[in-house]
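Topology and contacts: notes
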Amino acid sequence: MELTMLGTAAGRPAEGRNVTASALAMPPQRGTFWLFDCGEGTQHQLLRAGLKLCKLERIFVTHLHGDHVFGLPGLLGSRSSMGCETPLTLHGPRGIRHWLETTFTVTGAHVHYELEIREIDEDGGVVHEDDQFTVTAAPLNHRIACYGYRIEERPRPGKLDAAKLAELGVPQGPLYAQLKRGEDATLPDGRVIRAADVVGPPIPGRIIAILGDTTPCDAAVRLAEGADLVVHEATFEAALADKAAEYGHSTTAEAARTARDARAARLLLTHFSGRYRDEDLPRLEAEAREVFPSSAAARDFLTVQLPHKRRT
């Protein structure tokens with residue numbers, strides 16, 4: 001798995017920075033990716049990143065401010081005109097269905113694949129669950145309804161104790177797979193091998209928190225609790241805390257405090273005000289690191305690897 005930042009600017013594009021979007025590449029056997037927010041120009045960023053729209057499985061929108069959604073109609077239409085036939089599910093705040101359906105009606109656009117739009121309950125909750133991942137949303141503190149997302153990978157089966165299996169005379173093959181799944185197995189001689197005796201403890205899954213625009217709040221900390229990676233807006237530098245609060249945003253230091261309080265492993269800062277140029281990012285990163293050392297300032301097309309956790 002890896003997360004690619006497609007846009008790291010707040011409000012409007014800046015030279016070298018597009019507005020908000022990020023793509024989460026799912027495990028290789030799945031062969032798809034998820035998109036978080038879709039600011040204007042996101043489909044151009046996807047082209048540059050080499051991500052194909054037909055592989056897009058889900059879109060999660062944090063809120064309906066333009067710099068997070070104005071790229072959606074074009075992207076959804078392009079996906080149809082390219083002949084993509086796989087279904088696509090869109091998760092977002094209430095109102096996103098009305099906005100998109102109105103846009104499609106007024107412009108005469110057509111989507112020929114199955115598009116499911118799921119609006120999030122006001123209080124959030126589990127918005128997606130499958131055999132690999134659970135995604136939970138929670139409301140943040142912004143000027144309009146805005147959500148953060150917590151993506152949790154299910155634990156993987158523990159490692160088989162090959163030496164013990166050989167000692168017990170368990171033949172390699174289907175019985176190994178059965179035990180790996182946590183199911184007890186019966187040998188040809190009638191002996192029952194308990195999975196708990198030959199399989200190590202489950203390996204914890206990865207956790208990613210991708211937060212929308214917000215001032216510091218308890219919900220952000222809960223979503224980021226123990227995460228391997230937190231993506232948090234840092235619209236302003238630490239000295240502009242009053243301005244950040246006025247516009248419903250966070251500073252570098254406030255984002256770092258959220259990651260620290262959540263006991264996260266890494267923090268990725270994004271959503272930078274247009275007042276900051278690329279040469280300012282090391283200074284913004286340094287402000288966050290004073291509070292939370294494992295902080296980094298994102299740049300467009302930065303890709304962060306999310307390796308599997310090791311056994312504990």
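Criteria and thresholds
- Residues numbered from 1 in each chain as written.
- Predicted model: local features only at pLDDT ≥ 70, side-chain atom pairs only at ≥ 80, totals over all residues.
- Heavy atoms only, no water.
- Helix = DSSP H or I, 4+ residues; strand = E, 2+ residues; numbered from the N terminus.
- Buried < 20%, exposed > 50% of the residue type's maximum accessible area, 1.4 Å probe, protein only.
- Contact = heavy atoms within 4.5 Å.
- Areas by Shrake-Rupley, 256 points an atom, 1.4 Å probe, with all protein chains shown as cover.
- Pairing = 2+ DSSP bridges.
- Disulfide = S-S within 2.5 Å.

Moving on, we get to the overall build of the protein chain. The helix and strand tally for the protein chain stands at 11 helices and 16 strands. For the protein chain, the spread of C-alpha atoms along the principal axes amounts to about 70 × 50 × 35 Å. Within the protein chain, the proportion of its 312 residues that are buried is 52%. Of all intrachain contacts in the protein chain linking residues separated by at least 6 positions in sequence, the fraction that spans at least 24 positions is 62%. Total accessible area computed for the protein chain in this model is approximately 14500 Å², and 50% of it derives from carbon and sulfur atoms.

Glancing now at the pairing of strand E4 (residues 56-60). E4 sits mainly inside the fold: four of its five residues count as buried. When strand E3 (residues 33-36) meets E4, the two strands line up parallel, connected through four bridges. Paired with Phe 33 across the strands is Leu 56, a residue of E4. With three bridges connecting them, E4 and strand E5 (residues 88-92) associate as parallel partners. Bridge pairing links Arg 58 to Thr 89 in E5.

Here a disulfide denotes one covalent bond, and it connects the sulfur atoms of two cysteines. Scanning the entire structure with this criterion turns up one disulfide. With its sulfur 2.0 Å from that of its partner, Cys 54 forms a disulfide with Cys 84. Measuring the twist about the S-S bond at about -85 degrees, one finds the Cys 54-Cys 84 disulfide to be left-handed. With Cys 54 in the loop between helix H1 (42-49) and E4 and Cys 84 in the loop between helix H3 (72-81) and E5, this residue pair connects regions lying 30 residues apart in the sequence. Residue classification places Cys 54 among the partly exposed residues on the basis of a relative accessible area of 32%. The thiol sulfur of Cys 38 is not disulfide-bonded, and the nearest other cysteine sulfur, from Cys 84, lies at 14 Å. Judged by its relative accessible area of 0%, Cys 38 is buried. Note on Cys 146: no disulfide assigned, nearest cysteine sulfur contributed by Cys 217 at a separation of 9.1 Å. Among the residues examined, Cys 146 registers a relative accessible area of 1% and is labelled buried.

Keep in mind these numbers describe shape, not what the thing actually does.
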